[in-house]
Amino acid sequence: MTLLELENVTVAYGRIEALHGISLTVNEGEVVALIGANGAGKTTTMRAISGTRSLSEGKITFNGEDISKLRADLRVVRGLCQSPEGRQIFPGMTVMENLDMGAYTRRDSAGIAADLDRVLTLFPRLAERRKQAGGTLSGGEQQMLAVGRALMSRPKLLLLDEPSMGLAPLVIRQIFDIITEINQQGTTILLVEQNAQQALSRAHRGYVLETGRIVKEGSGQDLLHDPSVKEAYLGVA
Ligand code: ATP
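Cut-off values and rules
- Residues numbered from 1 in each chain as written.
- Predicted model: local features only at pLDDT ≥ 70, side-chain atom pairs only at ≥ 80, totals over all residues.
- Heavy atoms only, no water.
- Pairing = 2+ DSSP bridges.
- Helix = DSSP H or I, 4+ residues; strand = E, 2+ residues; numbered from the N terminus.
- Domains from an automatic or database assignment.
- Contact = heavy atoms within 4.5 Å.
- Buried area = accessible area lost by both parts, 1.4 Å probe.
- Salt bridge = Lys/Arg side-chain N within 4 Å of Asp/Glu carboxyl O.

Some points on the pairing of strand β2 (residues 16-27)
Pairing of strand β1 (residues 2-13) with β2, which is carried by 9 bridges, proceeds in the antiparallel orientation. Its bridge partner being in β2, Thr 10 is matched across the sheet by His 20. The antiparallel pairing of β1 with β2 creates a hairpin that spans 2 residues between the two strands, and Gly 14 there sits at a positive phi of about 60°.

This is the structure in structure tokens:
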């Protein structure tokens, strides 16, 4: 079943059009990767989906509902949650307080407690540091906290913006292992990444974005082995 569909989505910043009518779908249960170079429009696509940037044209459907004009906070309530680029955790709050903030739209305390258990099991580092201020965590741990906080809203679709950004290779692998595990536990994931190698090797399907247009789509494996993708995004001639 299609969970998210973008049809001909156009987004502009003032007079500058950043997305020129992109279309993509995410099916329930999938990990889908959106890859592209700096400035291709990946973050803008995420903003359009999460509702922090409005569309000048096109349509976004989530779980059968047209959400093109729905407020960002109501999209979270519908089950669409973004773990933002640059992490943006609350630095002065403890790890536990940050995780609690993720559940702010929910009232089911038993479900919240179960999800907290699940997040602390997925991220033992966070469990060890539960009383520590978010701002004192390492980059990798802050990224884990951002993902953990997003999971606390129990999203139907988790949007991840550059989860590998600024992290060491070993930590990147750990983060992607956890992303795979989250998906296997039933969460659908749309992932925006400059690390095309990791993203495509973990994704069921992928899209390549170039200067505001989707130029290629395919299975993660097909894109990994596509000569033009290899040359442009995987550093292999
Ligand atoms: P990066 O990986 O560097 O974040 P990206 O693929 O996410 O790149 P976007 O940030 O979506 O790309 O940017 C797409 C285009 O929109 C770029 O040309 C960028 O300069 C422009 N842009 C992004 N944000 C703004 C803004 N707030 N005002 C004006 N132009 C913007």
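Text resumes after the structure shown.
Section: the domain arrangement of the protein chain
For the protein chain, the assigned domains read domain 1 (2-79 + 157-234) and domain 2 (92-154). Computed from C-alpha coordinates alone, the two centres of domain 1 and domain 2 are separated by 23 Å. Contact with domain 1, which involves 14 residues of that partner, is made by 11 residues of domain 2. Summing the contributions of domain 1 and of domain 2, the shared interface buries around 1100 Å²; its carbon and sulfur component is 75%. Across the domain 1-domain 2 interface, the total number found is 0 salt bridges. Secondary structure elements with two or more residues in the side of domain 1 that touches domain 2: α2 (72-78), β7 (157-161) and α7 (169-184).

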